[in-house]
Amino acid sequence: MTIPFFAYIFLFLFLPAGNVMAGAFNGKKGGWTFSNIQLLFHHPYIDSYKTSIEVSGITALIGALAGLAIAYAAIRDGTPRWIRSALTTFSGVAANFGGIPLAFAFIATLGSIGIVTKFLKNQLGIDLYGNNFTLFSKTGVEIVYLYFQLPLMILVIAPAIDGLRREWREAASNLGATPLQFWRYVGLPVLMPSILGAFILLFGNAFAAYATAYGLTSGAVNLVPLQIGAYYSGNVLDNPHLAQAMAFGMFVVLAAMMVFYIPLQRRSARWAK
Amino acid sequence: MALSAYVWLIVGAAYFLIPLLATFLFSLDSNQTGKCCTIASYTWVIHNGDFWHTLKISLLLALETIVISLAIFVPTIYWVHLKLPRLRPVIAFFALIPFVVPPIIMVIGLLKVYKGSPQWFYAQPWGFLVAAYVILAFPYTFFSLDAGFRSIDVHTLTEASQSLGASWGTTLLKVIIPNIRSAALAASFLTLAIVLGEFTIANLSAFHTFPLFLQYVNETQAYPAAALTLMSFALTWGAMASLLLIGRKRGDRASFVTGARGAR
């Protein structure tokens, strides 16, 4: 009964993935070569990786820190219960949302004739586009990516914050610890594996994204997935294996993330209720 | 409630709500004058033949993907829970592979491998796209169904059914499936949301699905694009909200945590 499953996974997952990996090491006229991979370390290919890693790193960092703060604000004692359930419900929906509609929502908001852009200019005299801001840039992509990074962080970290037991805080304060000391010696060390794991998840999430950046900039920002798409669609025809080599590079980065993620995941399960 | 908690919650709410509100206001502006307020953008969408055509294609693709996924994964996961528990970690490991091989890598591999395959497969969204979408849905379908099977007693149900003389087929259809119905439903809504939003694979293999229509309108018609964006929000959010309701009934919500990456 498991044969159809393994046959399917082989045909439509392993075979295409294997084809890309092998293609990355094929020369223009056949035969094996490292030249495609070596090319990745040179201009302009290495620049795509730098931009992609920067965008993923920054949105994962801001997403993780701000997501943690928002989730903690909603969960901590004293915040009404309904805020917490509204936030997790909304995050469950928003984390699953992205791509073309998300890109356009931000164009309607912060594009050159967007509602907020016009409001800032006409009502407050702040001319965003006159001051070198544009949504169709690396900064723009980062602002938009946070829209799915933040809710993902909130969803992933909320169970870990729940795991910080009230008794620990009470025990710490009975022993004379200040709130700062509680966070330094108890709270953060317990949460750290979850935070690092979530950071990696967010990083991979942004690194693999294609549709949102495509919808926003039609390929004007030099991100790896957009470049792979452009090379494959034939904007550069002199080396058919270039797209495969760039895809291989992407695979290596994501696989490295996974190697760190799995043990962190195990560690963070230790304190879960 | 502490002041800092207020500040964070207000900043978060503003960041999430302003783009939605702005898109709504933008959709009410007139295509000719750029001034408020008209519902012309919404009537433009409703009367657009391509809107209905591509939406129908994407919904049918989602339906086909759901049927094929369930047909492959339900018997497999059932069998693994019943007879081959050692295979479970292997399949769970496979379910992580799509995170390392994102859609952009998958699509260039699929296009290379299946170039020259029969036209009914390669040139048809019902063949090529669905084949890829089942893989995109695989991790979510697997983790959802796996949680469903873990919450029932597969061995007792199977023995009871067979000692009453039921065949394997009857056991699966009449005993097992009704018991994992909510897990299967959750997997189906997730798959629906994934397929309705999937852009990368459809764009590179040039099949005109709903997200490609969205992108086309974004590039050509600014104000109707805002109306269309809100309508497609409503579709995805409807699918996800249904999922949350099912999840709440079942009391588990881990299955959709990492989200429909196909859309991004």
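Draft legend 1. Quick look at the overall build of chain B. For chain B, the helix and strand inventory stands at 14 helices and zero strands. Listed by position from the N terminus, the elements making up chain B come as α-α-α-α-α-α-α-α-α-α-α-α-α-α. Along the first, second and third principal axes, the C-alpha set of chain B runs to 75 × 65 × 35 Å. With 264 residues in all, chain B has 56% of them scored as buried. Taking all contacts inside chain B whose residues are at least 6 apart in sequence as the whole, residues at least 24 apart take part in 76%. As displayed, chain B has an accessible area near 11400 Å², and 68% of this comes from carbon and sulfur atoms. Side-chain charges of chain B comprise 16 positive and 9 negative groups, with the mean position of each set lying 5 Å from the other.

Draft legend 2. Molecular detail of the overall build of chain A. The secondary structure content of chain A amounts to twelve helices and zero strands. Listed by position from the N terminus, the elements making up chain A come as α-α-α-α-α-α-α-α-α-α-α-α. Across its three principal directions, the C-alpha atoms of chain A cover 75 × 60 × 40 Å. Burial analysis of chain A (273 residues in total) assigns 55% to the buried set. Summarising the internal contacts of chain A: among those between residues at least 6 apart in sequence, 72% fall at separations of at least 24. The average position of the 17 basic charges and that of the 9 acidic charges among the side chains of chain A differ by 5 Å.

Draft legend 3. Here's a closer look at the interface of chain B and chain A. At the interface, 82 residues of chain B touch 86 residues of chain A. Linking chain B with chain A are zero salt bridges, by the criterion used here. The tally of links from chain B across to chain A stands at six residue pairs in polar contact (both at pLDDT 80 or more). A total of 14 residues in the side of chain B that touches chain A trace back to one element, the largest contributor, which is helix H1 (residues 3-27) of chain B. When grouped by side-chain class, the residues that make up the side of chain B that touches chain A number 60 nonpolar, 15 polar and seven charged.

Draft legend 4. Representation of the side chain of Ser161(B). With respect to the helices, strands and loops of the structure, Ser161(B) is situated in helix H9 (residues 154-163). If we skip the residues at most four places from it in the chain, Ser161(B) touches Ala166(B), Thr171(B) and Val175(B).

Draft legend 5. Spatial organisation of the packing of aromatic side chains. Taken as a whole and judged by the stated rule, the model has 42 aromatic pairs over all chains. Aromatic side chains Phe90(A) and Phe16(B) sit 5.4 Å apart centroid to centroid with 70° between the ring planes, which places their arrangement in the edge-to-face category. With Phe90(A) in helix H4 (residues 81-94) and Phe16(B) in helix H1, the pair connects residues from two separate chains. Pairwise contacts between aromatic rings join Phe5(A), Phe6(A), Phe14(A), Phe73(B), Phe94(B), Phe138(B), Phe142(B) and Phe143(B) into one cluster.

Draft legend 6. Up close: unusual backbone geometry. Omega for the bond connecting His43(A) with Pro44(A) falls within 30 degrees of zero, at 5°, which places this linkage in the cis form. With respect to the helices and strands, the residue Pro44(A) is situated in the loop between helix H2 (35-40) and helix H3 (45-75). Phi is positive for Asn132(A), close to 70°, though the residue is something other than glycine. Structurally, Asn132(A) can be placed in the loop between helix H6 (115-123) and helix H7 (138-162). Of note in this structure, Ala206(B) is not a glycine but carries a positive phi near 55°. Along the chain, Ala206(B) falls in the loop between helix H12 (200-204) and helix H13 (210-220).

Draft legend 7. Representation of helix H6 (residues 103-113) of chain B in the model. Counting buried positions along H6(B) yields nine of eleven residues, so the element is predominantly enclosed. Taken together, the buried positions of H6(B) are Pro103(B), Ile104(B), Ile105(B), Met106(B), Val107(B), Ile108(B), Gly109(B), Leu110(B) and Leu111(B).

Draft legend 8. Structural detail: the packing of H6(B) against helix H8 (residues 125-150) of chain B. Residues and elements named next belong to chain B. Two elements in contact, H6 and H8, have axes whose closest approach is 11 Å; the angle formed by their N-to-C orientations is 140°. Note that H6 runs across H8; the crossing there is right-handed. Taken together, the residues of H8 that come into contact with H6 (itself represented by Pro103, Met106, Leu110 and Leu111) are Phe128, Ala132, Ile135 and Leu136. Looking at the contact of H6 with H8, its residues break down into eight nonpolar, no polar and no charged.

Draft legend 9. Quick peek at a nonpolar patch on the surface. On the surface, Leu3(B), Tyr6(B), Val7(B), Ile10(B) and Val11(B) cluster together into a nonpolar patch covering about 520 Å² of accessible area. Mapped onto the elements, Val7(B) comes out in helix H1.

Draft legend 10. The arrangement of the pattern of salt bridges in detail. Residue and element names in this part refer to chain B. Considering all chains together, one arrives at four salt bridges over all chains under this definition. Linking aspartate 146 and arginine 88 is a salt bridge whose minimum nitrogen-to-oxygen distance equals 2.7 Å. Residue aspartate 146 is located in helix H8, and its partner arginine 88 is located in helix H4 (residues 88-94); the two are separated by 58 residues in the primary sequence. Aspartate 146 is the salt-bridge partner of arginine 150, the closest N and O atoms lying 2.9 Å from each other. With arginine 150 and aspartate 146 both in helix H8, this residue pair falls four residues apart, about one helical turn. Overall, arginine 150 belongs to the exposed group, its relative accessible area being 58%. By relative accessible area, which is 1% here, aspartate 146 ends up buried.

Draft legend 11. Broad picture of the nonpolar core. Within the largest apolar cluster, 183 residues are counted, with the highest numbers of intra-cluster contacts made by Tyr145(A), Ile228(A), Phe138(B) and Phe149(B). Top element by residues in this core is H7(A). It accounts for 15 residues.

Draft legend 12. Local environment of the confidence of the model for chain B. Residues and elements named next belong to chain B. Chain-level statistics for chain B give a pLDDT mean of 86 and a share of 92% at 70 or above. Mean pLDDT across the elements of chain B bottoms out in helix H14 (residues 222-250) (80) and peaks in helix H3 (residues 49-82) (93). Low pLDDT, under 50, characterises residues 251-262; the predicted model gives this stretch 41 contacts beyond four residues in sequence or across chains. What the predictor reports for the complex is a pTM of 0.88 with an ipTM of 0.86.

Draft legend 13. Region of interest: the side chain of Thr65(B). All names here are of chain B. Within the secondary structure, threonine 65 is located in helix H3. Overall, threonine 65 belongs to the buried group, its relative accessible area being 0%. When neighbours within four sequence positions are excluded, threonine 65 is seen to be in contact with Val130, Tyr133, Val134, Thr191 and Val195.

Draft legend 14. The arrangement of helix H9 (residues 179-207) of chain A in detail. Spanning 29 residues, H9(A) covers only 36 Å between terminal C-alpha atoms, well under the ideal 42 Å at 1.5 Å per step. At Leu188(A), H9(A) shows its maximal kink, close to 45°; a proline, Pro189(A), follows between one and four residues later.

Cut-offs and rules
Every residue gets a number counted from 1 within its own chain, in the order that chain's sequence is written. Both sets of labels track the order of writing: A upward for chains, 1 upward for ligands. It should be noted that, the model being predicted, local features are given only for residues of pLDDT at least 70 and side-chain atom pairs only at 80 or more, the latter also being counted only at that level, while totals for whole chains, interfaces and linings use all residues. Heavy atoms throughout the structure, all of them, feed into the side-chain values; hydrogens and water do not. Helix and strand definitions follow DSSP, with helices as H or I runs of at least four residues and strands as E runs of at least two, each counted in order from the N terminus. Summary of the burial criterion: residues with accessible area below 20% of their type's maximum are buried, those above 50% are exposed, and those between are partly exposed, where the area comes from a 1.4 Å probe applied to protein chains only. The contact criterion used is simple: two residues touch if any of their non-hydrogen atoms lie within 4.5 Å. The method behind every accessible area is Shrake-Rupley, applied with a 1.4 Å probe, and residues are considered shielded solely by the protein chains displayed. Counting rule for charge: Lys and Arg are taken as positive, Asp and Glu as negative, and neither His nor the chain ends is counted. Where a charge lies is defined by one atom per residue type, namely NZ (Lys), CZ (Arg), CG (Asp) and CD (Glu). The salt bridge criterion pairs a side-chain nitrogen of Lys or Arg with a carboxyl oxygen of Asp or Glu, the two atoms within 4 Å. Think of a polar contact as two N or O atoms within 3.5 Å of one another; within protein, one of them needs to be a possible hydrogen donor and the other a possible acceptor, and neighboring residues in sequence only count if both atoms come from side chains. Here the nonpolar group is Ala, Val, Leu, Ile, Met, Phe, Trp, Tyr, Cys and Pro; Asp, Glu, Lys and Arg are the charged ones; every other residue, Gly included, is treated as polar. A pair of Phe, Tyr and Trp rings is counted when the ring centres sit within 6.5 Å of each other, with Trp represented by its six-membered ring. The angle between the planes then sorts it: under 30 degrees is stacked, over 60 is edge-to-face, the rest tilted. Axis lines are fitted to C-alpha atoms, over the contacting stretch for helices. Their N-to-C directions set the angle, which ranges from 0 to 180 degrees. Helix crossings fall into two classes, left-handed where the near helix is turned counterclockwise from the far one by less than a right angle and right-handed where it is turned clockwise. A residue counts toward a patch only above 30% relative accessible area and without a salt bridge, and it is joined to like-charged neighbours within 9 Å or, for Val, Leu, Ile, Met, Phe, Trp and Tyr, to nonpolar neighbours within 5 Å. We define the nonpolar core as a collection of buried residues of types Ala, Val, Leu, Ile, Met, Phe, Trp, Tyr and Cys that are connected through side-chain atoms lying within 4.5 Å of one another. Per-residue confidence from the predictor is reported as pLDDT, which spans 0 to 100. Expected helix span is taken as 1.5 Å per residue step, with the number of steps being one fewer than the number of residues. One axis is fitted to the seven residues ending at the residue and one to the seven starting there. The bend at that residue is the angle between these axes.

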